[in-house]
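# Structural description and commentary
Chain by chain, the residues:
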Amino acid sequence: MPPASTGASTIVVDASAPQSPVTTTAAPAAATHERLEPGRPGYRRMSFALFAAGVAAFALLYSTQALLPALSASFDATAGQASWTVSAATGALALFVLPMSALSERFGRRQMMTASLAVAVLVGLLVPFAPSMGALIALRAVQGAALAGLPASAMAYLAEEVRPKALIAAIGLFVAGNSIGGMSGRILTGWVAQAWGWRAALAAVGLLALACAVAFHFLIPKARNFRPGSLNPKALAKTVATHLADPLLVRLYAIGALFMTVFGAVYTVIGYRLVEEPFGLPQGVIGSIFLVYLVGTVSSAAAGRLVARLGRRGALYLAVSTTAAGLLLSVADQLAAVLLGLVLITAGFFAGHAVASSSVSRTATTGRAQASALYQSAYYLGSSVGGTLGAVAFHAGGWAATVALGLLAVLGVVSITLYGTRVARAERRALVPAAR
C-alpha cells in the first residue's frame, strides 16, 4: 500500500539502510537459510502459530472492555475509574513497545514473543482473583507491559523468516489474529459474565489465551535467519530523536493517536450507554456488539483500493468523514441508528489507521523497526487516553459528551492533513523555479 500522505513529499526508502540501532555480532541474516513461503515446510505452522499469538494477545489486552459496567457495579466505581482497567493495559503497552523492540534485537524474536505470551497469560490467570479495583488495574498494567513484546517482535520475525513475496499474506494472517482475538475476547466475556459473572469471564479469556500460547510454543518454527546484536542505547536514542524530528512521521504518529482516541473512547463507553435506558441490553448482547469489528477487517483491506482511486489524502478525508458521520448518527436514541453509527465509526477508523500505519516504515529511511514502534506507542497511547477521557466525558455529560470528544479528535486529524497539504503545495512551488 502506498504511504499515506499528510502533505509532505514522499521520502524514498533506501532498502540498504540500517534497520535497527544495534551492533551486529555476526554476518547479516541475508540468506543464510532458505526463507519460508506457501507450500514449503514450516510456513503453515508459522502462520497458525502467529495467528494463535495474535488471538491470545488481543483477547487479553481488551478483556475488560466489555465488562466495564459489571466492574463498576462490583467495585462501586465510576465509568472513569473502571476504564483504567483498559487504559492501564494499553498505556503500558505503549510505553514498553519501543524498549521491547530493542530487546528483541538482542535476545531474538521467537524468545521475546514466547516470554511475552507466557507472562501475559500468567497474569491473565491471576486477574480474576483481583480483590480490589486498584489491584485489578495494577495487574492489567503488568499484562500490557508484557504484551508489548509481541507486536515489537512479530513483524521483525516475519520479515526475517518469510520470503518477501509471501510477507504481506503472512502479516495479514497475524493481523487477522489480532482482530479475531480482540473481537472474540469481548464477545466471550460478555456472554460468560451474563451467566456467571465478570470473574468467570476473565478466567475464560485466560484459559483461551493459555491454549493459544501453548499452540504457539509448539508450532512456531525456530528462527533461522536471526543474528543477535549488541544493544546500543546511544544509537537507539539517536534513531528515536531522528524520527521525532521528521515532520511527516510526527504527523503520521499524531493521526494514528487521534484515530485511536476516537475508537478507544467509543468502545470503552458504549457498554455503559447500551446497558442504560432506553436500550437496557443484557451483558451478552452488549459483548456481541463487537462483531462490528468485522467491518473494520473489510475496510482496512479496502484501504489500498481507496488510495489508488482517491489518493492518500483523499482516503484520509473519506475515513475521517465516515468516522464523523458515525459519531453524529450514534447520538440518536434508536438502537438501529446506534449500530449503524458504530459500523461507520469502525469502518472509518480501520481505513484511516491502515493508511497511516502503512506509511511509517516506508517514510523512515533508517531504523524502521523503531519508527514502527513509535507509531504503535502513539496508537496505544491514543487508546489509553481516549478510553479514560471518553469515560470521564460520559460520566460528566452522557454519550453526547463522549461524541463531542470524538469529533474533537476527528477535527485534529483533518487539521493535520490540511496542514500537510499546504506544506506539500509550498514544496512543489519551491521546486518549480529550481527546475527551470
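A quick note: this is a predicted structure, and the numbers were derived from the prediction, not measured.

It is worth spelling out the overall build of the protein at this point. Counting its secondary structure elements, the protein contains 17 helices and 2 strands. Pairs at least 24 apart in sequence give 85% of the contacts found in the protein among residues at least 6 apart. In the structure as shown, the protein presents an accessible area of about 17,800 Å², 69% of it carried by carbon and sulfur atoms.

Before going further, it helps to spend a moment on helix H9 (residues 233–244). Along an α-helix, residues three or four apart share an orientation, since each turn contains 3.6 residues. In this model H9 runs 16 Å from its N-terminal to its C-terminal C-alpha over 12 residues, within 8% of the 16 Å that 1.5 Å per residue would give. Buried residues of H9: Leu236, Thr239, Val240 and His243, and no others. Seen end-on, H9 carries its buried residues on one side only, within an arc spanning 95 degrees. Opposite its buried face, H9 presents the exposed residues Lys234 and Lys238, each directed more than 90 degrees away.

Compared with an ideal rise of 1.5 Å per residue, which puts 29 residues at 42 Å, helix H3 (residues 79–107) spans 40 Å between its outermost C-alpha atoms and is within 8% of the ideal. Along H3, the sharpest change in direction is near 40 degrees and occurs at phenylalanine 96; proline proline 99 comes one to four residues later. Most of H3 is tucked away: 21 of the 29 residues are buried. Just downstream of H3, glycine 108 is the residue with a positive phi angle, here 110 degrees.

The next thing to look at is the environment of serine 72. In this fold, serine 72 is placed in helix H2 (residues 68–75). Note: C-alpha distance between serine 72 and methionine 133 (61 residues apart in sequence) is 9.1 Å. Each residue touching serine 72, except ones within four places of it in the same chain, is listed here: Ala77, Thr78, Ala79, Ala82 and Tyr272.

This brings us to the packing of aromatic side chains. Applying the stated rule across the entire model yields 14 aromatic pairs. Geometrically, the ring pair formed by tyrosine 272 and phenylalanine 394 is tilted, given 6.1 Å between the ring centres and 40 degrees between the ring planes. Within this pair, whereas tyrosine 272 is found in helix H10 (residues 247–275), its partner phenylalanine 394 is found in helix H16 (residues 368–397), the two being separated by 122 residues in sequence. Judged on exposure class, the residue tyrosine 272 and its partner phenylalanine 394 are both buried. One aromatic cluster is present, formed by Phe263, Tyr267, Phe290, Tyr293, Phe349, Phe350, Tyr375, Tyr379 and Tyr380 through successive ring pairs.

Turning our attention to a nonpolar patch on the surface. Together, Leu125, Leu207, Leu210, Val214 and Phe218 line one region of the surface with nonpolar side chains, adding up to about 450 Å² of accessible area. For the nonpolar patch, the element with the highest residue contribution is helix H8 (residues 198–219), accounting for 4 residues. Inspection of the secondary structure puts phenylalanine 218 in helix H8.

What follows concerns the packing of helix H4 (residues 109–126) against helix H6 (residues 149–161). Closest axis-to-axis distance for the H4/H6 pair is 8 Å, and the angle between their directions is 150 degrees. In terms of axis orientation, H4 runs roughly antiparallel to H6. At the point where H4 passes H6, the crossing takes the left-handed sense. For the pair H4 and H6, contact is made by Arg109, Met112, Met113 and Ser116 and by Gly149, Leu150, Ser153, Ala154, Ala156, Tyr157 and Glu160, respectively. Classifying every residue of the contact of H4 with H6 gives 6 nonpolar, 3 polar and 2 charged.

Along the chain, glutamate 277 connects to proline 278 via a cis peptide bond; the corresponding omega equals 10 degrees. Structurally, the position occupied by proline 278 is in the loop between H10 and helix H11 (283–288). Positive phi values are uncommon outside glycine, yet aspartate 76 reaches one of about 55 degrees. With respect to the helices, strands and loops of the structure, aspartate 76 is situated in the loop between H2 and H3.

Turning our eyes to something else, we now look at the confidence of the model for the protein. When pLDDT is averaged along the protein, the result is 82, and 83% of the positions lie at 70 or above. Taken element by element, the protein is modelled with least confidence in strand S1 (residues 22–24), mean pLDDT 42, and with most confidence in helix H5 (residues 133–147), mean pLDDT 96. Counting contacts from residues 1–20, a segment whose pLDDT is below 50, to residues more than four positions away or on other chains yields 72 contacts. Across residues 22–31, where pLDDT falls below 50, the model places 20 contacts with residues more than four positions away in sequence or in other chains.

Turning to the packing of H3 against H6, a few remarks are in order. Remark: H3 packs on H6, axes separated minimally by 8 Å, with the N-to-C direction vectors making an angle of 45 degrees. Comparing their axes, H6 and H3 come out oblique. The element H3 and its partner H6 pack so that their crossing is right-handed. Residues Val97, Met100, Ser101 and Ser104 of H3 form the contact with H6, whose participating residues are Gly149, Ala152 and Ser153. Residues of the contact of H3 with H6, tallied by class, amount to 3 nonpolar, 4 polar and no charged.

Locating glycine 54 in the fold gives a position in helix H1 (residues 43–61). Note on glycine 54: relative accessible area 0%, which makes it buried.

With respect to the secondary-structure elements, methionine 260 resides in helix H10. Note on methionine 260: relative accessible area 3%, which makes it buried. The spacing of methionine 260 and alanine 378 is 118 residues in sequence and 8.9 Å in space, taken between C-alpha atoms. Setting aside residues no more than four positions away along its own chain, methionine 260 makes contact with Tyr62, Phe349, Tyr379, Gly382 and Ser383.

What counts, and at which threshold
- Residue indices follow the written sequence of each chain, beginning from 1 at its first position.
- Under the rules for a predicted model, residues below a pLDDT of 70 receive no local features and side-chain atom pairs below 80 are neither given nor counted, while totals for whole chains, interfaces and linings still include all residues.
- Derived side-chain values reflect all non-hydrogen atoms in the structure, with water molecules and hydrogen atoms excluded from consideration.
- Counting from the N terminus, the helices are the DSSP runs of H or I reaching at least four residues and the strands are the DSSP runs of E reaching at least two.
- Whether two residues are in contact is decided by their heavy atoms: any pair within 4.5 Å suffices.
- Areas reported as accessible are Shrake-Rupley estimates using a 1.4 Å probe. Residue values count occlusion only from the protein chains shown.
- Expected helix span is taken as 1.5 Å per residue step, with the number of steps being one fewer than the number of residues.
- Per-residue accessibility, obtained with a 1.4 Å probe over protein chains only, is compared with the maximum for each type, and a residue is labelled buried under 20%, exposed over 50%, and partly exposed between these values.
- In this description, the arc belongs to the directions extending from the helix axis to the C-beta atoms.
- The term bend refers to the angle at a residue between two fitted axes, each drawn through seven residues, those ending there and those starting there.
- Pairing of aromatic rings covers Phe, Tyr and Trp, the last counted by its six-membered ring, and requires centre-to-centre distances within 6.5 Å; plane angles under 30 degrees mean stacked, over 60 mean edge-to-face, and any other angle means tilted.
- Like-charged residues within 9 Å of one another, or nonpolar side chains (Val, Leu, Ile, Met, Phe, Trp, Tyr) within 5 Å, are grouped into patches, provided each residue has over 30% relative accessible area and no salt bridge.
- A side-chain nitrogen of Lys or Arg and a carboxyl oxygen of Asp or Glu constitute a salt bridge if their distance falls within 4 Å.
- Note on method: axes are straight lines fitted to C-alpha atoms, helices fitted across the in-contact stretch only, with angles between N-to-C directions ranging 0 to 180 degrees.
- Here the angle decides the label: under 35 degrees means roughly parallel, over 145 means roughly antiparallel, 65 to 115 means roughly perpendicular, and every other value means oblique.
- In a left-handed crossing the near helix is turned counterclockwise from the far helix by less than a right angle, and in a right-handed crossing that turn is clockwise.
- The residue classification treats Ala, Val, Leu, Ile, Met, Phe, Trp, Tyr, Cys and Pro as nonpolar and Asp, Glu, Lys and Arg as charged. All others, Gly included, are polar.
- The predictor reports its confidence for every residue as pLDDT, a score running from 0 up to 100.

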